[in-house]
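Summary of structural features
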Amino acid sequence: MTIWQKELDNQIWLVGVAGRLDQTLTPELEKTLNTLLTANQFRLIIDLSQTIYINSGGLRCLVAAWRRTHQQQGNLILFGLTPRLHEIFAMVGFDQVFTIVPTQQQAIQQFTAND
Amino acid sequence: MQTCFSFAVTADLQNLPAIHHFVKETAAALGVDPAVVTDLRLAVEEVAANIMMHGYQDEGGAVAIEMEAAADKLLIRLRDRGVPFDPTTVAAPDLTSPLADRNLGGMGVYLTQQLMDEVTYRVTAGGENELTLIKQGVFDSSKETSWANAHQR
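Report follows, based on the coordinates.

**What to know about helix α3 (residues 107–115) of chain B**
Within α3(B), 7 of the 9 residues are buried, leaving the element largely enclosed by the surrounding structure. Within α3(B) the residues assigned to the buried category are Met107(B), Gly108(B), Val109(B), Tyr110(B), Leu111(B), Thr112(B) and Leu115(B). In the core, the buried residues of α3(B) are packed alongside α2 (56–71) and α3 (83–91) of chain A together with α2 (34–55), β4 (118–123) and β5 (129–136) of chain B.

Below, the structure is given as structure tokens:
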């Protein structure tokens, strides 16, 4: 159960969520994202391929960060969602607002294509 | 014969794992399809967390949970003595409004309603809030078949 982060090329940061995005991991994700946003990093990619669960608190945490990136012409892109996780996003309509792609490479292209 | 399993915790978010455990174990005992258990867990967690944080306003109290199989339905009842709150009256979020402007309150309630087939609220004769979550067709189809066969004979 961890949150990890890695700086990629082109001022993009990758943040990974391995485990359950509920009260056990959400506070740590919130802290990690806030640290990046405070450091003016607004090109964020979230690896959810190892995220096995998400509740409303986890969804709210992602939306809060998404809003802050958009206020600065950035974005927060999600990739690697399991079909079940994708269904949860769809239930609350978030599949229509977040940019969700299958792979990390595609997530990076979302940023670099516009550079 | 109907079997009903019950469990109670004090209203503390640290007790959510104990609730998860109860839901998982009871679902298995009742023969619920394991593929549905995560949905049940998520729905119960959203409701229980709401009771703990808003119903009792973080001041503690008891949250009781019952799980029961009735015909092809699974019923999960949560009872508490916190501030009365009927989540079934909460308006569905406007999923078409821009995310940047959307109010994210009530998302847990909405998610619960999406995960379950039916959600009902009432105040019991004893003055408790009682929320019932109903999910249909959750029982392992192999068991359902054997049950049906047994009745045909």
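**Side note on the packing of helix α1 (residues 26–38) of chain A against α2(A)**
Residues and elements named next belong to chain A. Contact geometry of α1 with α2 gives a least axis separation of 10 Å together with a crossing angle of 5°. Classified by the angle between their axes, α1 and α2 sit roughly parallel to one another. Where α1 approaches α2, its residues Thr26, Leu29, Glu30, Leu33, Asn34, Leu37 and Thr38 are matched on the opposing element by Gly57, Gly58, Cys61, Leu62, Ala65, Arg68 and Thr69. Counted by class, the contact of α1 with α2 contains 6 nonpolar, 6 polar and 2 charged residues.

**Brief notes about the side chain of Glu68(B)**
Its place among the elements puts Glu68(B) in strand β2 (residues 62–70). Within the structure, Glu68(B) has its side chain in polar contact with the side chain of Arg77(B) (distance 3.1 Å).

**Describing unusual backbone geometry**
All names here are of chain A. Even without glycine at this site, Asn40 takes up a positive phi of about 60°. Tracing the backbone shows Asn40 in the loop between α1 and β3 (43–47). Assessed through its relative accessible area of 55%, Asn40 is described here as exposed. Of note, Gln73 is a non-glycine position whose phi angle comes to about 60°, a positive value. Assignment of secondary structure puts Gln73 in the loop between α2 and β5 (75–79).

**So, the sheet that holds β4(B)**
All names here are of chain B. Pairing in this open sheet of 5 strands is antiparallel, and the strands run β1-β2-β3-β5-β4 from one edge to the other. Two strands lie at the open edges of the sheet, namely β1 (4–10) and β4, each paired on one side alone. Averaged over all adjacent pairs, the angle separating strand axes in this sheet is 15°, with direction ignored. Pairing analysis gives 7 bridges linking β1 to β2, with the strands arranged antiparallel. Note on β2: the bridge partner recorded for Phe5 is Met67.

**Let's talk about the packing of aromatic side chains**
Evaluation of the coordinates by the stated rule reveals 4 aromatic pairs over all chains. Relative to Phe98(A), the ring of Phe89(A) lies with its centre 5.9 Å away and its plane at 75°, an arrangement referred to as edge-to-face. For Phe89(A), a relative accessible area of 0% puts it in the buried group. A centroid spacing of 5.9 Å and a plane angle of 70° characterise the contact between Phe94(A) and Phe98(A), whose relative ring orientation is edge-to-face. Since its relative accessible area comes to 0%, Phe94(A) is described here as buried. By relative accessible area, which is 4% here, Phe98(A) ends up buried. Here Arg20(A) stacks its cationic end above the ring of Tyr53(A), 4.2 Å away from the centre of that ring. Its guanidinium or amino end placed over the ring of Tyr53(A), Arg41(B) lies 5.0 Å from that ring's centre, counting from NZ or CZ.

**A word on the interface of chain B and chain A**
Every contact between the two is made by 20 residues of chain B and, on the other side, 19 residues of chain A. Together chain B and chain A conceal approximately 1,800 Å² of surface at their shared face, both sides included; 62% is due to carbon and sulfur atoms. The tally of links between chain B and chain A comes to 1 salt bridge. For Asp39(B), the salt bridge goes to Arg84(A), with nearest N and O atoms at 2.2 Å. Linking chain B with chain A are 4 residue pairs in polar contact (both at pLDDT 80 or more), by the criterion used here.

Reading the values: the criteria
Residues numbered from 1 in each chain as written. Chains lettered and ligands numbered in written order. Predicted model: local features only at pLDDT ≥ 70, side-chain atom pairs only at ≥ 80, totals over all residues. Heavy atoms only, no water. Buried < 20%, exposed > 50% of the residue type's maximum accessible area, 1.4 Å probe, protein only. Helix = DSSP H or I, 4+ residues; strand = E, 2+ residues; numbered from the N terminus. Contact = heavy atoms within 4.5 Å. Axes fitted to C-alpha atoms, helices over the stretch in contact; angles between N-to-C directions. Parallel < 35°, antiparallel > 145°, perpendicular 65-115°, else oblique. Nonpolar A, V, L, I, M, F, W, Y, C, P; charged D, E, K, R; others polar. Polar contact = N/O pair within 3.5 Å; in protein donor to acceptor, adjacent residues only side chain to side chain. Pairing = 2+ DSSP bridges. Phe/Tyr/Trp six-rings, centres within 6.5 Å; stacked < 30°, edge-to-face > 60°. Lys NZ or Arg CZ within 6 Å of the ring centre and 35° of its normal. Buried area = accessible area lost by both parts, 1.4 Å probe. Salt bridge = Lys/Arg side-chain N within 4 Å of Asp/Glu carboxyl O.

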